[in-house]
2 protein chains.
Amino acid sequence: MTTAHDLTKNQSLVFSALSDARAPLSAYTILDRLREDGFRAPLQVYRALEKLLEIGLVHRLESINAFVACAHPQCHNHGTMAFAICEDCGNVREFTDDQIAERLADWARTENFRPHKTIIELRGQCQACSIGEP
Amino acid sequence: MTTAHDLTKNQSLVFSALSDARAPLSAYTILDRLREDGFRAPLQVYRALEKLLEIGLVHRLESINAFVACAHPQCHNHGTMAFAICEDCGNVREFTDDQIAERLADWARTENFRPHKTIIELRGQCQACSIGEP
DNA sequence: TCGCATATGTAATGTTATCACGAAATTTTA
DNA sequence: TAAAATTTCGTGATAACATTACATATGCGA
Ligand SMILES: [Zn+2]
Ligand SMILES: [Zn+2]
Ligand SMILES: [Zn+2]
Ligand SMILES: [Zn+2]
């Protein structure tokens, strides 16, 4: 009981697949990569993802229907995260901005909106991929 | 040539369906609502949506795979919009926040990331739906 | 009228996600 | 430890979302 959560076998396999990947993976891509490990059906992936998302070890990228391992798994403190997703190479940067989180919280407060989850995603081109393109 | 764009018949039908709706609609819901008008296949909806999104008359809500008519169709100026989506009643509020847009632009500048599109979506509970729930 | 761009109709297919059911494994409690 | 409750897992079917491919039509300038 050293780590905060013990993962089941399936959860560990899915998390490893995401950790090993250099880019976000779709649930079905994960399934394909885990067939050798005995995965047969989408639900095996989705169930593991559900738990990993709940724990906070994995994030879902809503705008591309894909999943990434959290970039800061040690500090589970994250509230609102933002993701910059390169549309060329798939690279993802995860970051926080307290001012943005505050502004959104302010808006919600004044409008009496109760946020359960906040999604911030930048789609574009990363530095590496923009080299050579004026 | 009073309006900025002339819509085709299909585009007008899809836009009307979205304008008339009190909540975001999925592409397939739009299809069902337009069957009386001769729609038969998903592509008729998706093609119209593609154009309406390009023009800026309609927005896509990435986190729920649905579409809404723009709340400010007159000022086509909008850069980054944010959406507050009620998970109970489906009501959507569209708003801007220049400070948030600036912070994101700053992050992108310093990280040499070139954003093509920015997604901000708050999922939660609107004021009306939170009355009576402590 | 020809050529081109845009819009449309339709079927088929691809991709993403969930439901329903039961069995197995694990944890809880007596 | 044995029974009960809870959680996890396996599997097939199905639902929901989106695109490809190809044929046809329509409008417009040369
Ligand atoms: Zn994270
Ligand atoms: Zn890149
Ligand atoms: Zn708008
Ligand atoms: Zn509501």
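Keep in mind it's a predicted model, so treat the numbers as computed, not measured. All residue numbers refer to positions counted from 1 along the written sequence of the respective chain. By the order in which they are written, chains take letters starting at A while ligands take numbers starting at 1. The predicted origin of the model limits local features to residues at a pLDDT of at least 70 and limits the giving and counting of side-chain atom pairs to 80 or more, whereas totals for whole chains, interfaces and linings rest on all residues. The side-chain values count all of the structure's non-hydrogen atoms but skip hydrogen atoms and water molecules.

S.K.: How do you make sense of the overall build of chain A when you look at a structure like this?
M.R.: Under the scheme used here, helices are H or I runs from DSSP no shorter than 4 residues and strands are E runs no shorter than 2 residues, and both carry numbers assigned from the N terminus. For chain A, the helix and strand inventory stands at five helices and five strands. Along chain A, helices (α) and strands (β) appear in the sequence α-α-α-β-β-β-β-α-β-α when read from the amino end. Once the C-alpha set of chain A is aligned to its principal axes, its extents read approximately 50 × 45 × 25 Å. Out of the 134 residues in chain A, the part that is buried amounts to 43%. Three labels apply to residues, based on accessible area from a 1.4 Å probe with only protein chains included: buried if under 20% of the type maximum, exposed if over 50%, partly exposed otherwise in between.

S.K.: Can you help me understand the relation of the copies chain A and chain B in this one?
M.R.: Relating one copy of the chain to the other takes a rotation about an axis and a shift parallel to that axis. We superpose the copies by least squares over the C-alpha atoms of residues that have a pLDDT of at least 70 in both of them. Mapping chain A onto chain B calls for a screw motion: a turn of 180° about the axis and a shift of 0.0 Å along it, with 0.0 Å RMSD after fitting. Such a combination of rotation and displacement between the chain copies is what one expects of a two-fold axis. Residues of chain A ranked by C-alpha distance from the rotation axis are headed by Ile120 of chain A, positioned 2.3 Å from it. Contact between two residues is taken to exist if any of their heavy atoms lie within 4.5 Å; hydrogens are not considered. The residues that chain A uses at the interface reappear at the interface of chain B in 100% of cases, marking a shared surface.

S.K.: Explain the sheet that holds strand β4 (residues 92-95) of chain B to me, please; I cannot follow it from the model alone.
M.R.: Strand pairing in a sheet takes place through backbone hydrogen bonds and is either antiparallel or parallel in direction. Here a strand pair is declared whenever DSSP counts at least two bridges between the two strands. Strand order across the open sheet formed by six strands is β4(A)-β3(A)-β5(A)-β5(B)-β3(B)-β4(B), with mixed pairing between neighbours. Since the sheet does not close on itself, it has two edges, and those belong to β4 (92-95) of chain A together with β4 of chain B, each with one partner. Averaged over all adjacent pairs, the angle separating strand axes in this sheet is 20°, with direction ignored. Pairing of strand β3 (residues 82-86) of chain A with strand β5 (residues 114-125) of chain A involves five bridges; the strand directions are parallel. Within β5 of chain A, the position partnered with Ala84 of chain A by the bridge is Leu122 of chain A. All axes here are fitted lines through C-alpha atoms, helices being fitted over the stretch that makes contact, and every angle between N-to-C directions spans 0 to 180 degrees.

S.K.: Before we go on, may I ask you to explain the protein's contact with DNA strand D in this structure?
M.R.: Consider each residue's heavy atoms; a residue with any of them within 4 Å of a molecule or strand counts as near. Residues in contact with DNA strand D amount to 15 residues; listed here are only the nearest, Gln44 and Arg47 of chain A together with Tyr28, Leu43 and Arg60 of chain B. Counting of polar contacts relies on pairs of N or O atoms within 3.5 Å, with two restrictions inside protein: one atom must be capable of donating a hydrogen and the other of accepting it, and residues adjacent in sequence are counted only when both atoms are side-chain atoms. Taking Gln44 of chain A, its side chain carries an N or O atom lying 2.3 Å from a phosphate oxygen of DNA strand D. Taking Arg60 of chain B, its side chain carries an N or O atom lying 2.4 Å from a phosphate oxygen of DNA strand D. Broken down by secondary-structure element, the contributors of at least two residues to the surface near DNA strand D are α1 (9-20) and α3 (42-55) of chain A together with α3 (42-55) of chain B. With four residues, the top contributor of residues to the surface near DNA strand D is α3 of chain A. Under the grouping applied here, Gly and all other residues not named as nonpolar or charged are polar, the nonpolar ones being Ala, Val, Leu, Ile, Met, Phe, Trp, Tyr, Cys and Pro and the charged ones Asp, Glu, Lys and Arg. Among the residues making up the surface near DNA strand D, the classes are represented as five nonpolar, five polar and five charged.

S.K.: Looking at this structure, I do not really get the packing of helix α4 (residues 98-111) of chain A against helix α4 (residues 98-111) of chain B. What am I missing?
M.R.: Orientation of α4 of chain A relative to α4 of chain B, taken along the N-to-C sense of each, is 160°, at an axis distance of 9 Å. In this view, α4 of chain A runs roughly antiparallel relative to α4 of chain B, as classed from their interaxial angle. Crossing geometry of α4 of chain A relative to α4 of chain B is assigned as left-handed. Counting all contacts with α4 of chain A, which are made through Gln99, Ile100, Arg103 and Leu104 of chain A, the residues of α4 of chain B involved are Gln99, Ile100, Arg103 and Leu104 of chain B. For the contact of α4 of chain A with α4 of chain B, the residue count by class is four nonpolar, two polar and two charged. Oblique is the label for every angle not falling under 35 degrees (roughly parallel), over 145 degrees (roughly antiparallel), or within 65 to 115 degrees (roughly perpendicular). The sense of a crossing depends on the near helix, which, turned anticlockwise from the far helix by less than a right angle, makes the crossing left-handed and, turned clockwise, makes it right-handed.

None of the figures reported here should be taken as evidence of function without further support.
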